Amino acid sequence: MNIREIISDTGKLKAGQRILLSGTIYTARDEAHARLIKLLDSGEKPPFELKGSAIYYCGPSPAKPGNIIGACGPTTSSRMDVFTPRMLDEGVKILIGKGSRNDFVVDAIKKNKAVYMIAAGGVAALLSKTVKKADIAAFEDLGPEAIYKLEVENMPLIVAITAIGSL
């Protein structure tokens, strides 16, 4: 399923639905989220367009020679909960991670007609095979926790929370 299709109508997705996601996603973990919020609070423009974007809670490992990216499994999503309502209010539409979300995040997902999808933990090497292109988009000094722009094809995910329900 193409990211544009999801963003155009998140209401079509149902909790528990399995999808193969294709398109552009951005990785961001705790420190990257903190920096993004700091930029927004100071009135600066973020390093990528938040409106309509997909954020994958991931810190990829370095790529081995000949590979596009190293292992890129999901990080526990609740670590980003403190930042999530603001990111959704700024237009982020797709969140990808693992684990449950706090009630205030579920409410923000519903309010903003966004979607939270779960990537299976423990299969980081398999998920890396869905990455067709990877570039550092921001905060290179964070190493693996920098923001990466990833082009993914058929990334296996499970819809967990939508504007109309959750698992």
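Criteria and thresholds
- Residues numbered from 1 in each chain as written.
- Predicted model: local features only at pLDDT ≥ 70, side-chain atom pairs only at ≥ 80, totals over all residues.
- Heavy atoms only, no water.
- Helix = DSSP H or I, 4+ residues; strand = E, 2+ residues; numbered from the N terminus.
- Rg over C-alpha atoms; globule rule 2.2 N^0.38 Å.
- 1 Å grid on protein atoms, 1.4 Å probe; cavity = no way out; pocket = protein on both sides within 12 Å on 5 of 7 lines; lining within 4 Å.
- Points joined across faces, edges and corners; volume = space filled by probe spheres on them.
- Nonpolar A, V, L, I, M, F, W, Y, C, P; charged D, E, K, R; others polar.
- Core = buried A, V, L, I, M, F, W, Y, C linked by side-chain atoms within 4.5 Å.
- Buried < 20%, exposed > 50% of the residue type's maximum accessible area, 1.4 Å probe, protein only.
- Contact = heavy atoms within 4.5 Å.

Chemist: How would you sum up the overall build of the protein chain? Please name residues and give values.
Modeler: When helices and strands are tallied, the protein chain shows five helices and seven strands. Reading the protein chain from its N end, one meets helices and strands in the order α-β-α-β-α-β-α-β-α-β-β-β. At 15 Å, the protein chain has a C-alpha radius of gyration in line with the 15 Å of a compact globule built from 167 residues. C-alpha atoms of the protein chain, sized along the principal axes, occupy 45 × 40 × 25 Å.

Chemist: Pulling in residues and values, what's your account of the layout of surface pockets?
Modeler: Taken as a whole, the largest pocket spans an internal volume of roughly 260 Å³. By residue class, the composition of the lining of the largest pocket is four nonpolar, five polar and three charged. The wall of the second largest pocket is formed by Ser61, Pro62, Lys64, Asn67, Ile68, Ile69, Gly70, Ala71, Ala125, Ser128, Lys129 and Val131. Partitioning the lining of the second largest pocket into residue classes produces six nonpolar, four polar and two charged.

Chemist: Explain the nonpolar core residue by residue, including any values.
Modeler: Ranked by size, the top nonpolar core spans 29 residues in total, and within it Phe48, Ile55, Met87, Leu95, Ile109, Phe139 and Ile147 carry the most contacts. For this core, the secondary-structure elements that each account for two or more residues are α2 (30-41), α3 (84-89), α4 (103-111) and β6 (147-162). Top element by residues in this core is α2. It accounts for five residues. Excluding anything up to four places from it in sequence, Ile109 contacts Leu88, Leu95, Ala114, Val115, Tyr116, Ile161 and Thr162. Counting residues in hydrophobic clusters, the runner-up holds 25 residues, among them Ile3, Ile6, Val115 and Ala119.

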